[in-house]
Every structure is written in C-alpha cells, then in structure tokens.
Amino acid sequence: MTPLLSVDGLGKRYGARIGCADVSFDLWPGEVMGIVGESGSGKTTLLNCLAGHLRPDEGRVVFDTRDRGPVDTLTMSEPERRMLARTDWAFVHQNPRDGLRLDVSAGGNIGERLMAVGARNYGAIRAAATDWLGRVEIDDARIDDRPRAFSGGMQQRLQIARNLVSGPRLVFMDEPTGGLDVSVQARLLDLLRGLVREMGLSAIVVTHDLAVVRLLAERLMVMKGGRVVESGLTDQVLDDPQHAYTQLLVSSVLQV
Amino acid sequence: MIELRDVSKRFVLHNQGSAVIEVMSGAALSVAAGECVALTGASGAGKSTLMRLIYGNYRAHGGAIRVGGVDVATAGPREILALRRATLGHVSQFLRVVPRVPTIDIVAEPCLLNGMDADAARDRAGRLLARLRVPAALWSLSPTTFSGGEQQRVNIARGFAHDFPALLLDEPTASLDPVNRETVLEMIEEAKARGAAIVGIFHDAGARARVADREIDVSRFAAGAAA
C-alpha cells in the first residue's frame, strides 16, 4: 500500500518570517490527522500549502493519483491540479461563506461541483443534491433556497455536502467547527465521523479544539512557530505529551 | 500474548521547572492466551500507568512491550491503530464518545471496524446490551446522559463486542450492582475460555480472586525500588 499523501520537507516563508518549515509526514488511506497549535503557529499556512492554495518555497507534496500513481502536486500542471481540486480533493473552509456561492440555491451549490466534473443530466444532479441535503440533515424543501438565508450551522453542513458530493478521497478542513454553537458542533462532528467512515475518506483537520481532535482524528501533529514540535497517535500526544509546548497546551484546557 | 520486558517510564514536566519524575523501571510481565493477570498495588503505584503503556497512550522510554507480535514501545501510529482495531481491546473507566451517536452504534463499532456486516454487528451489540441489562429503550440514545453505571456497562459491551485476543480491563466492576457485576465476571471468564489474554485492575478483591490467575504487585516496578 502507498500513502495517499506524502509530504517531505515542506516550507513556506513570508519574507524573513517562517510560515511553516520542515514539515514531513505520510497520510494513509482512511486516516484522519489533526493539526493543532495556537493562532499564528502555521497550521493554516501548512493546510493551504498542502491543498495547493499557497505555493510553498521548498519540499514536496506527493499525492497518489488514480490514474498516474504518486505525483508531486507542486510540479503538476495548473489544469491538472485544478482537476484534482475538483475531484479527489475537497476543502472545507472555516467560514462557510468562503466555500459556498451565496447567490446560488442550495441545490445549485451541490450540483455545481458535479457539473464541474462533467455531470449534465438535470434529474440526476438534482437527485444527488437531494440525497446530500438529507445526509447533512438539511430539509430537502430548502433545496431552492439560497444559503444566504441559512443559519451558520446549516451553511457549514451545506459546504460539507458541496465538497463531498463528488466522492473525494482527501478532505482538507480548516476549523470546521469553529464559530459554531457547541450543540451544532456535536452534530457536525457526528456527521463528519460518519461520512469519513462510510466513504473511507482521509482527512486533514486543522483546529485549536483538542476535544474535537480527540474525537475526530486518530493522529495528531502539534505546531508551534511554523514547525511540528510533536506528532503521534492522538491519545498518546494528549495523554502523555512530551514537548513543553504540548504540555502547556494540554494543561490549559478548561474542564467541564 | 502480552509480554513486557524491562519497561521504563518517566515524565518530564517542562513547565514545572523541568521536573523529571521516574515512575517505573524494569517492569516485566507475561500473560499467556487464556490467562488473566491482575495488577495490584496502592493508589499511585502505577497500575494505570502500566496499563496505558500497554495500550500505547503512554510512551515507554525503554524496554519492549510486545502484544501479538507488535512492539508497542517502538511501533508507529499506524501499527498501533491496527493492533487496537483487531487485537488489543480496552475497557477504560471513562466513556469517550462523539455526542449524539446512539448507544447501539457505539457498541457495534468494533465489530464494523473488523469487517462484520452492519446487521450482524447491531445484532451482536443488542445481545450484549441486553445481557448487561441496559434497557432497550435507551439503545437509540447517546450514552452521554446515562448514569455512571449505565455508561460503564456500555463501555464493557463495547470492549467485548469484538473477540479481542488481548484485553485490558480498568476496574470493570467498579460502579456496578451485584447482578451486573456477576454478569461481567461471567463475561471475563468466557473471554478467558475462548483464549483471551487479560490484564486487569480490580479493586474489588472478590472479583480479583475469582477471575485472576495471578497477581502482580506493580510497586516492585517503581523506579528506585530494589531491582
């Protein structure tokens, strides 16, 4: 078996400042990896470099493509990378308004991604949209409503439906539960866990919420100052943190 | 099945003056298939620490911890995840679950992960929950609001759902009434009979005497104790 994603020596600088540096890891099919760290630790920079939204200065991001096997996505042609972003990859933004088209109906938001990969049959697209609204627990009577009229939690679920409808193999998530009520967070977590299991997805989840990461990810990387200071099994990193920063992070969580 | 050799563990508290706490050295333990070994020792002696070292959520600093051919002390995350999925079960004292997931699905999960089909897994989960007297009306609810004893029984059902060849049991009978305690002890005896290697912590001396074949006092592994 080959890793789905293999990252080697990835680095990104903003002038003299380090965005992220020396990041290496392998992600295997079906694995969910969490990335935690305080604001400014480089988590989002790393995620954006992995997903092709930012151009790293050094390193390799090798993805196991369906047709050509492992390919370095950084040296891929732009059309090929864009195709990957529409098919095998998905990106769930922290703010659903960054990942949705607010003036297109909910059904249209889901259908658009299918049309981007060649679906043309209206009935089939609408049926897929209806199915996915159900899976993310949005009443299908809302299919023609615009997401502008949805609550934050509904928008986030719609964004997830839009991303997963094309059957991606790798999902990047940037604080998927950030800014939501805890009750809505729980619902979203349950939904994500179910979808990951059902579809055999691999995912990389950036968050600052250690409880989210414990429930969602089996592996964890801890970042500080743009570097990975500790990584391993999630429960091992959280129960027996080795690095000073991880110890501080874990001991700073309030108990409820 | 479970074999520990010369295992040592220390904690370095970087944010408390880099205090180094040596908690264990020279720990050795061997558990054969079908055998149950009880860890004993006063509170703080390191029973749970040893258990966590075997499960892999504590990292050993030396020695070997072999469970079914995998050395947990040196294995990578992927190997440990595979070990926990198929070989090494764990009944902890705490139930940690995603909110909103129905009890029956939580119990069925280990079967699903090991390739059982969904109906058979739910069927097996239902039989375990019924045996442990968790009322059927609760099966479709999340256990987060259950009483302590009910949560513990859900945890036990989950730990016994798949026939793990190695099992870690942390106080499996602690908050149970006598009837359910009896059921759990029977389940442990059945697991031994099918060949499971079990390491347990039992504060309940009666339970310990009944299911454990041997006792190991972990205070002799305390760092600094005469080796």
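Conventions and cut-offs
Residues numbered from 1 in each chain as written. Chains lettered and ligands numbered in written order. Predicted model: local features only at pLDDT ≥ 70, side-chain atom pairs only at ≥ 80, totals over all residues. Heavy atoms only, no water. Helix = DSSP H or I, 4+ residues; strand = E, 2+ residues; numbered from the N terminus. Rg over C-alpha atoms; globule rule 2.2 N^0.38 Å. Buried < 20%, exposed > 50% of the residue type's maximum accessible area, 1.4 Å probe, protein only. Contact = heavy atoms within 4.5 Å. Core = buried A, V, L, I, M, F, W, Y, C linked by side-chain atoms within 4.5 Å. Pairing = 2+ DSSP bridges. Axes fitted to C-alpha atoms, helices over the stretch in contact; angles between N-to-C directions. Salt bridge = Lys/Arg side-chain N within 4 Å of Asp/Glu carboxyl O.

### Observations concerning the overall build of chain A
Link 1 in the chain: Counting secondary structure elements, chain A contains ten helices and ten strands.
Link 2 in the chain: Computed over C-alpha atoms, the radius of gyration of chain A comes to 18 Å, within 12% of the 18 Å expected from 2.2 N^0.38 for 256 residues, which places it in the range of a compact globule.
Link 3 in the chain: For chain A, the C-alpha atoms occupy an extent of roughly 55 × 50 × 35 Å along the three principal directions.
Link 4 in the chain: By the burial criterion, 54% of the 256 residues in chain A qualify as buried.
Link 5 in the chain: Across chain A, contacts joining residues at least 24 apart in sequence account for 67% of those joining residues at least 6 apart.

### Section: the nonpolar core
Link 1 in the chain: Ranked by size, the top nonpolar core spans 87 residues in total, and within it Phe 160 and Ile 188 of chain B carry the most contacts.
Link 2 in the chain: Considering each element in turn, this core owes the most residues, six residues, to helix α7 (residues 182-199) of chain A.
Link 3 in the chain: Not counting chain neighbours up to four residues away, the residues in contact with Ile 188 of chain B comprise Phe 160, Leu 169, Pro 172, Ile 198, Phe 202 and Val 211 of chain B.
Link 4 in the chain: Core analysis: the second largest hydrophobic core is formed by 36 residues, Ala 27, Leu 50, Ile 65 and Leu 81 of chain B among them.

### Quick look at the sheet that holds strand β6 (residues 88-91) of chain B
Residues and elements named next belong to chain B.
Link 1 in the chain: Ordered in space as β6-β7-β8-β3-β9, the five strands form an open sheet in which the pairing is parallel. Edge positions in the sheet fall to β6 and β9 (214-217), since each of these pairs with one other strand and no more. Each strand axis lies, on average, 20° off the axis of its neighbour in the sheet, ignoring direction.
Link 2 in the chain: As judged from the four bridges shared by β6 and strand β7 (residues 166-170), these two strands associate in the parallel manner. Bridge pairing in β7 links His 90 to Leu 168.
Link 3 in the chain: Packed onto the sheet, helix α6 (residues 178-193) meets β3 (36-40), β7 and β8 (197-201) and runs at close to 150° relative to β8.

### Let's talk about the sheet that holds strand β2 (residues 17-27) of chain A
All names here are of chain A.
Link 1 in the chain: Taken in spatial order, the four strands make up an open sheet running β2-β1-β4-β5, and their pairing is antiparallel. Of all strands in the sheet, those bounded by a partner on one side alone are β2 and β5 (69-72). Geometrically, the sheet is characterised by an average inter-axis angle of 20° between neighbouring strands, direction not taken into account.
Link 2 in the chain: Of the pairings in the sheet, the one linking strand β4 (residues 58-65) to β5 comprises four bridges and is antiparallel in character. Bridged to Val 62 within β5 is Asp 72.

### A short note on the pattern of salt bridges
Opposite charge on two side chains allows them to pair when their charged atoms are near.
All names here are of chain A.
Link 1 in the chain: By the definition in use, this model includes 34 salt bridges over all chains.
Link 2 in the chain: Two residues, Asp 22 and Arg 227, come together in a salt bridge whose shortest N-O distance is 2.9 Å. Taken together, the positions of Asp 22 in strand β2 and Arg 227 in strand β10 (residues 227-233) put the pair 205 residues apart, joining distant regions of the chain.
Link 3 in the chain: Its relative accessible area of 52% is what places Asp 22 among the exposed residues.

These figures capture arrangement, not role.
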